[in-house]
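What the coordinates show
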Amino acid sequence: MRALVLEAPGKPFVLKDLPDPMPGQGEAVVRVITCGAGLTIQHVRAGRVEVDYPRIIGHEITGVIEALGPGVSNLKVGDPVTAYFYLTCGYCRWCRMNRETLCENFGGYVGRAVDGGYAELMKLPAENFIKIPDGLDWQGHPAEVGVICDAIATPVKVLRRAEVTPWDTVAVIGAGGGLGIHMVMMAKWAHARVIAVDVVADKFATCREAGADEVVNAAEVDLTEALLDLTHGKGVDVVIDFVSKTQTLNPGFQALGRGGRLVSLGGTGEPITATPSKLLNNESIIMGSRYATKQEVIDSLDIVARGEVWPLVTEVKPMEEAEDLHKRVETGEVTGRVALKIG
Ligand SMILES: [Zn+2]
């Protein structure tokens, strides 16, 4: 099979021929059609995330089941599938209560701990493949269908965790990014009033097209003041922070109104200052949200299959152009999600 291989930290992709993977007990092999190229996997390409080399990255796939190992009952050859990003045990307390992003026996990420979707064939535990429902045109739009498992599912989980309702005003910080733009889309789908916050002015037109009612350029104005102005001093109900640096978390917390919820999705390690008096008086909630559960991936596929939202994929490039595509993901020059055409 042809595969894009990372051989050392920060080194370019090497397109090479490798032996086809053979499925073992409980495993399946998928023939990959497209694979999304987001910032999550660019962190690996850039060498900011440690993996064992050589490694094939990528997880936002559309593909067709090619071969099954012994003991696989949830799939058959020819099934169209996408993939679940986390390697989870399926039997711990957290997996059993539909919170498998907290799995006690977490095995790592597809495309980091094991090889991923930047290859013509990808082998995973069969439980990591999720069937694409009827009604989703995966043959006509494989790139869009392939990114649902992350770009739509991650926001779906945030809507649930933050209990976003149609009466809420939701501010999305980092709204112009690949996940942020889909968060805007999904908050609008939930009928909230949506404020898109970014520091790159030329992303705002896309934010508005995705459903933003208002936009705030945090490079030009004080973020807290802008959010208070837009809510007549009451503060916003939900802040969803994809940047999650001190300089966004603190003004985001300050801009929360009564009963406000701050959701952090960035793993920066930077501190947040939250005053207990505000937490108490406003019954504020600060929470983290990691990726999505398998059921949330399935729910996200269904939402798109029903025609309610459509993922924003602006570029699909051949494997030979992976390096250039990732350069532009790194610098934030791409809009929405981009993807590689694999097979
Ligand atoms: Zn588990």
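The following paragraphs examine the structure supplied in this document. These figures come from a predicted structure and were not determined experimentally. (Residues numbered from 1 in each chain as written. Predicted model: local features only at pLDDT ≥ 70, side-chain atom pairs only at ≥ 80, totals over all residues. Heavy atoms only, no water.)

Some thoughts on the pairing of strand S4 (residues 61-68)
The side chains of a regular strand alternate, residue by residue, between the two faces of the sheet. Convention followed: We call two strands paired when DSSP finds no fewer than two bridges between them. Labels follow the DSSP assignment, with helices taken as runs of H or I lasting at least four residues and strands as runs of E lasting at least two, numbered in each case from the N terminus.
Sheet analysis places strand S3 (residues 27-37) next to S4, joined by seven bridges and oriented antiparallel. Residue pairing across strands places Arg31 opposite Val64, the latter belonging to S4. For S4 and strand S5 (residues 80-83), the ladder comprises two bridges, and the chain directions are antiparallel. Residue pairing for S5: Gly63 is matched across the bridge by Val81.

Side note on the environment of Leu179
Which entries qualify depends on this criterion: Contact criterion: two residues are considered in contact whenever any of their non-hydrogen atoms come within 4.5 Å of each other.
Assignment of secondary structure puts Leu179 in helix H4 (residues 178-189). Separated by 158 residues in sequence, Leu179 and Arg337 have C-alpha atoms that sit 7.9 Å apart. If sequence neighbours within four positions are ignored, Leu179 has contacts with Asp150, Ala151, Thr154, Pro155, Phe242 and Arg337.

Some thoughts on the packing of helix H3 (residues 142-161) against helix H9 (residues 294-305)
To keep it simple, the criterion reads: Each axis is a line fitted through C-alpha atoms, and for a helix only the stretch in contact is used; angles between axes span 0 to 180 degrees, taken between their N-to-C directions. What sets the label is the angle itself: under 35 degrees gives roughly parallel, over 145 gives roughly antiparallel, 65 to 115 gives roughly perpendicular, and the rest give oblique. Residue classes follow a fixed rule: Ala, Val, Leu, Ile, Met, Phe, Trp, Tyr, Cys and Pro count as nonpolar, while Asp, Glu, Lys and Arg count as charged, and any other residue, Gly among them, counts as polar.
One way to put it is that H3 packs onto H9 with a least axis distance of 8 Å and a crossing angle of 110 degrees. Comparing the axis directions of H3 and H9 gives the class roughly perpendicular. Within the contact between the two elements, H3 uses Val145, Ile148, Cys149, Ile152, Ala153, Val156, Lys157 and Arg160 and H9 uses Glu296, Val297, Asp299, Ser300, Leu301, Ile303 and Val304. Looking at the contact of H3 with H9 residue by residue, the class counts come to 10 nonpolar, one polar and four charged.

Concerning the sheet that holds strand S8 (residues 169-173)
Read from one edge of the open sheet, six strands run S10-S9-S8-S11-S12-S13, paired in parallel fashion. The open sheet terminates on both sides in strands that have one partner only, identified here as strand S10 (214-217) and strand S13 (285-288). Neighbour-to-neighbour, the strand axes of the sheet open up by a mean angle of 20 degrees, direction not taken into account. Bridge count between S8 and strand S9 (residues 193-198): five bridges; the pairing is parallel. The residue bridging Val172 from the neighbouring strand is Ala196, located in S9. The strands touched by helix H6 (residues 223-230) within the sheet are S8, S9, S10 and strand S11 (236-241), with S9 carrying the most contacts at an inclination of about 160 degrees.

Some details on the coordination of the zinc ion
When four donors bind a metal tetrahedrally, each ideal donor-metal-donor angle is 109.5 degrees, and when six bind octahedrally, the ideal angles are 90 or 180 degrees. Where we set the bar: Only nitrogen, oxygen and sulfur atoms qualify as donors, and only when within 2.8 Å of the metal (3.2 Å in the case of Na, K and Ca); with water excluded, sites may look incomplete. We call a residue buried when its accessible area falls under 20% of the maximum for its residue type, exposed when it is over 50%, and partly exposed in between, using a 1.4 Å probe and counting protein chains only.
Protein coordination at the zinc ion: the donors are Cys89 (SG), Cys92 (SG), Cys95 (SG) and Cys103 (SG), at 2.3 to 2.4 Å from the metal. For the zinc ion, the donor residues sit on a single chain with the sequence spacing C-x2-C-x2-C-x7-C. The class of Cys92 is buried, set by a relative accessible area of 5%. Looking at Cys95, the relative accessible area reads 12%, which means it is buried.

A few points about H4
Keep this limit in mind: By definition here, a helix of n residues has an expected span of 1.5 Å times n minus one.
Taking 1.5 Å of rise per residue, 12 residues should cover 16 Å, and H4 covers 17 Å from first to last C-alpha, within 8% of that figure. For H4, the buried fraction is high: 10 of the 12 residues fall into the buried class. Restricting attention to buried positions, one finds in H4 the residues Gly178, Leu179, Gly180, Ile181, His182, Met183, Val184, Met185, Met186 and Ala187. With its phi angle positive at about 70 degrees, His191 sits one or two positions after the end of H4.

Describing the packing of aromatic side chains
The condition that has to hold: Stacked, tilted and edge-to-face are the three classes assigned to paired rings of Phe, Tyr and Trp, where Trp is represented by its six-membered ring and a pair needs centres within 6.5 Å; plane angles under 30 degrees give stacked, over 60 edge-to-face, the rest tilted. In this scheme, Lys NZ or Arg CZ marks a charge over a ring once it lies within 6 Å of the ring centre and within 35 degrees of the ring normal.
Under the criterion given, the structure shown has 10 aromatic pairs. When the ring centre of Phe13 is taken as reference, the NZ or CZ atom of Arg45 above it lies at 6.0 Å. Of note, Arg112 hangs over the ring of Tyr109, and the distance from its end group to the ring centre comes to 4.5 Å.

Examining the side chain of His326
Structurally, His326 is set in helix H10 (residues 322-330). Looking at His326, the relative accessible area reads 1%, which means it is buried. Ignoring any residue separated from it by four or fewer positions in sequence, one finds His326 in contact with Phe13, Ala37, Ile41, Gln42, Arg45, Ile57 and Tyr118.

As for the pattern of salt bridges
Any two side chains of opposite charge can pair if their charged atoms end up close together. As a reminder, the rule being used: For this analysis, a salt bridge means a side-chain nitrogen from Lys or Arg found within 4 Å of a carboxyl oxygen belonging to Asp or Glu.
A full pass over the atoms with the stated rule returns 19 salt bridges. In this structure, the salt-bridge partner of Lys131 is Asp79, at a minimum N-O distance of 3.8 Å. Of the two residues, Lys131 is situated in strand S7 (residues 129-131) and Asp79 in the loop between S4 and S5; the sequence distance between them amounts to 52 residues. For Lys131, a relative accessible area of 43% translates into the label partly exposed. Judged by its relative accessible area of 5%, Asp79 falls in the buried class. Three or more residues joined by partner-sharing salt bridges are found here, namely Arg2, Glu120 and Glu320.

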